[in-house]
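What follows is the residue order along each chain.
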Amino acid sequence: MVAIKLYQPEDLIKSYALSWHIDSAATVSALSEKISKEVKSFDELLNWLDNYLLSQLKSIKKDKSLSDEQFLALVKVVYLQHELYQDFSIFDIASATEDKLIKLQEAMSEYKFLPEKKVVMPEQKIKVYNPFSLFLQYLKKGFHHAFGRK
Amino acid sequence: MPLAASNEVFAVPLLSRRRVKFRRIKLFGLTLLTTLWASVKWSEFMPTDISLFMHWFLLILFFLTFGWISLYFWSAVFGFWELVRKSRYEGIKYPAKDAELNAKTAILVPSYNEDAAAVMARVLAMAEDLGKYSEGKQFDFFILSDSTNPEIWLQEEVMWFETKKQFPQGINLYYRHRPRNTARKSGNIEDFCTRWGSNYKYMLVLDADSLIVGKTMIQMAKLMEVNPTTGIIQAPPQIVNAQSFFARLHQFSGKVYGRIVMAGQAYWQAWDSNYWGHNAIIRVQAFIDSCGLPVFKGKAPFGGHILSHDFVEAALIRRAGWLAWMLPELEGSYEECPPSMLDFASRDRRWCQGNLQHIRILISSKIHPVSRVHFMVGIMSYLSSLLWCLLLLLGVGIVVWRYFFPPAYFTQSKELFPSWPIFNVWGTIALFVLSMVMLFFPKILGILYVIGKGGKQYGGAGKLWQGFFVENLFSALSAPVMMLFQSKFIVEILSGMDSGWKTQNRTAGTSWQDGIRMHWWQTAVGIGASVLIYNYAHTLFYWMLPITLGMMLAIPLSVLSSRVWGKKSKQRIFTIPEEVHEPDILQSSKRHFKQLEQFIADKDMLTLLKNDIYVSAHIYLLAINGPMPDFGSDLIKRVQHKVSSLSGGGDENLSLDEKRYLLYDEKLLQGYAVLCK
């Protein structure tokens, strides 16, 4: 386990918050304060941030068919897509209409890797012959071909 | 199920089974007759004072080496005849001009520690070209990375991320990095087939240096559609983008002579053609059902995973009843050539091992006879060097032996007439001249064919003949060097040395230091042989000079030929049409390379990790790649300790393996990324 003291918590939070486009100073300082009380390790920090964002985003979730996890995944994907689809950002989600959410879902579906269709490639058998018997086999075939019944 | 097992498939009006059989009888019959005639003559011309064992041994060596060039000669003659007579290869059914394409094709780009920007620039150029056609939407690209270098792995992901932004609408670009590169390229393709292959009807397999124009890719997919019993269609790749003298020489030979050779192969192979591992379209289901490669018992080089998988896959797909075609008229299919003799030899080392491993399959059950011929040809491509080497050694050895042990002219006492050892010098010279004619004639046919088609794009007839003479001079001098290389490879392989899997160099030349380090022994053999022949087999000295001279000049030949000579112009030797009027796809791939390279040029992993979006993209892709390989607890602890010791600003004090682990540990990586800033 990597202890949280190895990092500068403020830097980490700032970076994390920035990466989620939460760049208001008030939010960052509130996060810092909260985190110093509640979080004991790096893992916990990441989980905490995820949960925090999830609770924040719940309030703006319009599409009830999405589970919380799906919604968070969607937001993450939109974040990744940010560079690809300049018109979406975390701020767009905050004021998202249902239409926009549908668009976001579409964007996610395009971004997602193709679903797997698992199949098995059966291993082919390659039986190595004795070269002499192979030669005899071809000789036999040749004779059959030349003199055998048509 | 393939229909090929029934007679239905062979009811193609233009090419009957009988005609193909007759073609094979003609080609192999003429090869055999020519070889037998020459061998009988050689048997008559050989010195009479050698032992019976030596006589037969020399005869067998001669039969095999002469048979090899005879097959090449007759194949080229028939190829030339086909090219002159027809514009299209007959036998396969061609799609109508307005035929629609409704089947999906995956374009697979396997990559192993390659230049990520160059690979992705080629992919983008192909996608853009496909995007010009409505059928382009039926294609998706998959970058299948087997890269083991973490720096390159991250660069590939960055390139994927940046390229995706520019990709034409409707064409997808996917990236997958394989945690363990089991079974190398064949394992990489198999992994795709078992995970995503069933989403596609066809897959177009490329190499990292491959380029195919959109029109040709669409044509290949349409050909598969109208030929439902076809398993593979191979588009012969043409060498392009050559810069060094060595690569341009090969580019010229491939362009001028290659077409004749390809046409010759297509002529007799018909639907039993081979697969060269790239620039070919494959029916996915047929491949899944019939091409799961076995792992041979024992260790490499002969045991273990199959190294040169392409020939084996072609044989297996053919064994299952699917047809395999090679169509020389499929143009716009490109590849690149190693820039130097050393890189060429390094690739040969791998191919040599792969082909020798095929000996096991050559004598396996239920393999189609023509597939056996493909294996035989592959094996002979390397074995012929050793045979030629043995032939030369024995020839020189006999003359040297005679110097030290002169023949006994009178074996009995009171003999009236001496018993003269007879050696028909002029007959032997005639056979030598015949061999040379058989080697050069197909090349002359290639030049004549190109001149017949105009030849202006090659700088005119004068430049073509100039190219022919220089190419032959260089080939003659470098052939003994390659012969020694390949003979050494065979000896290494037979003694159990594995080639490993090295990344192919595609650009850099050879330094004098490397030239000396790699070729000193060939130079020494050349000097030693010259001294020996001059002193003890003087009659052979001038005859052997082209061979010994090539060996002695190995270092300058190798180093200087890896350099770029002369400026790009139509008047330069070895000019090909693609250099005069560079195809759009080549131009756009170069343009994209310049643009994409900026994202990763001079940026190490540390620098790239400073960009949040790249870190996020990497973490997103981890879920697709599959489970992390086992790094061992020691390494994991070491990385954790090193990362925890960082004081900020990051540190490059991580080994490649440690960096690789770091890229797998999502949380540690996020922390590292923060500290990198």
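Parameters at a glance
- In this numbering scheme, every chain counts its residues from 1 along its sequence in written order.
- Lettering of chains starts at A and numbering of ligands starts at 1, both following the order in which they are written.
- A pLDDT threshold of at least 70 governs which residues receive local features in this predicted model, and a stricter bar of 80 or more applies before side-chain atom pairs are shown or counted, although totals over entire chains, interfaces and linings include all residues.
- The side-chain quantities take in all heavy atoms of the structure and omit both hydrogens and water.
- Helix numbering and strand numbering both begin at the N terminus, where a helix is a DSSP run of H or I of at least 4 residues and a strand a DSSP run of E of at least 2.
- Relative accessibility decides the category of a residue: with a 1.4 Å probe and only protein chains considered, values under 20% of the type maximum give buried, values over 50% give exposed, and everything between is partly exposed.
- Only heavy atoms matter for contacts: two residues are in contact if any of them lie within 4.5 Å across the pair.
- Reported accessibility uses the Shrake-Rupley method at a 1.4 Å probe radius. Residues are deemed covered only where the shown protein chains occlude them.
- Strands pair, by our definition, only if DSSP identifies at least two bridges between them.
- Every axis in this analysis is a line fitted to C-alpha atoms, fitted for helices over the stretch in contact. Angles between the N-to-C directions lie between 0 and 180 degrees.
- An angle below 35 degrees is treated as roughly parallel, one above 145 as roughly antiparallel, one from 65 to 115 as roughly perpendicular, and anything else as oblique.
- Crossing handedness is read from the near helix: turned anticlockwise from the far helix by less than a right angle, it gives a left-handed crossing, and turned clockwise, a right-handed one.
- For this scheme, ten residues count as nonpolar: Ala, Val, Leu, Ile, Met, Phe, Trp, Tyr, Cys and Pro. Four count as charged, namely Asp, Glu, Lys and Arg, and the remainder, Gly too, count as polar.
- Ring geometry is summarised as follows: Phe, Tyr and Trp rings, the Trp one being its six-membered ring, pair when their centres sit within 6.5 Å, and such pairs are stacked at plane angles under 30 degrees, edge-to-face over 60 and tilted between the two.
- Lysine and arginine charges are scored as sitting over a ring when NZ or CZ, respectively, is within 6 Å of the ring centre and within 35 degrees of the ring normal.
- Here the expected span of a helix is defined as 1.5 Å times the quantity of residues minus one.
- Confidence of the predictor at the level of single residues is given by pLDDT, which spans 0 to 100.
- Among buried residues, the Ala, Val, Leu, Ile, Met, Phe, Trp, Tyr and Cys ones that are joined through side-chain atoms within 4.5 Å form a nonpolar core.
- Surface patches are drawn from residues lacking salt bridges whose relative accessible area is over 30%; two like charges belong together within 9 Å, two nonpolar side chains (Val, Leu, Ile, Met, Phe, Trp, Tyr) within 5 Å.
- The salt bridge criterion pairs a side-chain nitrogen of Lys or Arg with a carboxyl oxygen of Asp or Glu, the two atoms within 4 Å.

Draft legend 1. Inspection of the overall build of chain B at higher detail. Counting its regular elements, chain B contains 25 helices and 10 strands. Relative to its 677 residues, chain B shows a buried fraction of 58%. In chain B, the share of contacts with a sequence separation of at least 24, taken over all contacts with a separation of at least 6, comes to 84%. Total accessible area computed for chain B in this model is approximately 28500 Å², and 63% of it derives from carbon and sulfur atoms.

Draft legend 2. Fine view of the sheet that holds strand 10 (residues 333-335) of chain B. All names here are of chain B. With respect to topology, three strands assemble into an open sheet ordered 5-10-7, the strand pairing being mixed. Edge positions in the sheet fall to strand 5 (211-212) and strand 7 (238-239), since each of these pairs with one other strand and no more. As defined by bridge partners, strand 5 adjoins strand 10 across two bridges and the pair is classed as antiparallel. By the bridge assignment, I212 is partnered in strand 10 with S333.

Draft legend 3. Expanded view of the packing of helix 11 (residues 341-357) of chain B against helix 15 (residues 461-494) of chain B. Residues and elements named next belong to chain B. Between helix 11 and helix 15, whose axes approach to 10 Å, the crossing angle comes to 45 degrees. Looking at the two axes, helix 11 sits oblique to helix 15. Between helix 11 and helix 15 the crossing geometry is right-handed. Facing M341, L342, F344, A345, D348, R349, C352, Q353 and L356 of helix 11, the residues of helix 15 in contact are F474, S478, V481, M482, F485, Q486, F489, I490, E492 and I493. Grouping the constituent residues of the contact of helix 11 with helix 15 by class yields 13 nonpolar, three polar and three charged.

Draft legend 4. Structural view of helix 10 (residues 309-319) of chain B. Taken across its 11 residues, helix 10 of chain B has 10 buried, putting it largely inside the fold. Looking one or two residues past helix 10 of chain B, G321(B) carries a phi angle of roughly 105 degrees, positive in sign.

Draft legend 5. The side chain of T31(B), seen in detail. All names here are of chain B. Structurally, the position occupied by T31 is in helix 1 (residues 17-45). The exposure class of T31 is buried, given its relative accessible area of 9%. When residues no more than four places from it in sequence are discounted, the contact partners of T31 are G67, S70, L71 and W74.

Draft legend 6. Representation of the sheet that holds strand 8 (residues 280-283) of chain B in the model. All names here are of chain B. Overall, mixed pairing links the seven strands, which are arranged 3-2-1-4-8-6-9 in an open sheet. With one partner strand each, in any of the chains shown, strand 3 (173-177) and strand 9 (323-326) form the two edges of the open sheet. For this sheet, the mean inter-axis angle between neighbouring strands, taken without regard to orientation, is 20 degrees. With four bridges joining them, strand 1 (residues 105-111) and strand 4 (residues 202-205) adopt parallel strand pairing. For L108, the partnering residue across the bridge sits in strand 4 and is V205.

Draft legend 7. A look at the packing of aromatic side chains. Residues and elements named next belong to chain B. If you walk through the whole model with that rule in mind, you get 36 aromatic pairs over all chains. Following the ring pairs from residue to residue traces out a cluster consisting of F245, F246, F252, Y257, F344, F474 and F574. Positioned above the aromatic ring of F296, the side-chain terminus of R360 is 4.5 Å from the ring centre.

Draft legend 8. Layout of the pairing of strand 6 (residues 230-234) of chain B. All names here are of chain B. Counting buried positions over the five residues of strand 6 gives five, a clear majority of the element. Direction of pairing for strand 6 relative to strand 9: parallel, over a ladder of four bridges. Within strand 9, the residue paired with I233 across the bridge is W325. Pairing of strand 6 with strand 8, which is carried by three bridges, proceeds in the antiparallel orientation. Among the inter-strand pairings, I233 is bridged to a residue of strand 8, identified as I281.

Draft legend 9. The arrangement of unusual backbone geometry in detail. Residue and element names in this part refer to chain B. Of note, the phi angle at A183 is positive, near 60 degrees, even though the residue is not glycine. Inspection of the secondary structure assignment puts A183 in the loop between strand 3 and helix 5 (184-195). Positive phi outside glycine occurs at F574, with the angle close to 65 degrees. Looking at the element boundaries, F574 is found in the loop between helix 18 (554-561) and helix 19 (577-580). Note on F574: relative accessible area 1%, which makes it buried.

Draft legend 10. Quick look at helix 8 (residues 258-269) of chain B. Relative to the 16 Å expected for 12 residues at 1.5 Å per residue, helix 8 of chain B spans 16 Å between its end C-alpha atoms, a close match to the ideal helical length. Among the 12 residues that make up helix 8 of chain B, nine are buried, leaving the element largely enclosed by the rest of the structure.

Draft legend 11. Focus on the confidence of the model for chain B. Across chain B, the average pLDDT comes to 88, with 91% of residues at or above 70. Overall, residues 3-13 of chain B carries pLDDT values under 50, and its contacts beyond four positions in sequence, including any with other chains, amount to 19 contacts.

Draft legend 12. Inspection of the confidence of the model for chain A at higher detail. All names here are of chain A. In the predicted model, chain A carries a mean pLDDT of 56, and the fraction of residues at 70 or more is 20%. When pLDDT is averaged over each element of chain A, helix 7 (residues 131-147) comes out on top at 73 and helix 5 (residues 90-94) at the bottom at 39. Low pLDDT, under 50, characterises residues 1-13; the stretch is placed with 26 contacts to residues that sit more than four places away or in other chains.

Draft legend 13. Region of the structure containing the nonpolar core. All names here are of chain B. Counting residues in hydrophobic clusters, the biggest one holds 172 residues, and the most contacted among them are F141, F142, F192 and M203. Broken down by element, this core gets its largest block of residues, 12 residues, from helix 15. Counting 26 residues, the second-largest nonpolar core is a separate cluster that includes L58, F73, L391 and M438.

Draft legend 14. Structural view of the packing of helix 1 of chain B against helix 14 (residues 425-452) of chain B. Residue and element names in this part refer to chain B. Running from amino to carboxyl end, helix 1 crosses helix 14 at an angle of 155 degrees, the nearest separation of the two axes being 9 Å. The angle between helix 1 and helix 14 places the two elements in the roughly antiparallel class. Read as a crossing pair, helix 1 and helix 14 show a hand that is left-handed. Counted together, T34, W37, A38, K41, W42 and F45 of helix 1 and G427, T428, L431, L434 and M438 of helix 14 form the full contact between these two elements. Counted by class, the contact of helix 1 with helix 14 contains seven nonpolar, three polar and one charged residues.

Draft legend 15. Structural context of a nonpolar patch on the surface. Residue and element names in this part refer to chain B. On the surface, W401, Y403, F404, F405, L532 and Y536 cluster together into a nonpolar patch covering about 670 Å² of accessible area. Looking at the nonpolar patch, the elements that each hand over two or more residues are helix 13 (369-404) and helix 16 (512-536). At three residues, the largest contribution of residues to the nonpolar patch is made by helix 13. For Y536, the position within the fold is in helix 16. With a relative accessible area of 30%, Y536 lands in the partly exposed category.

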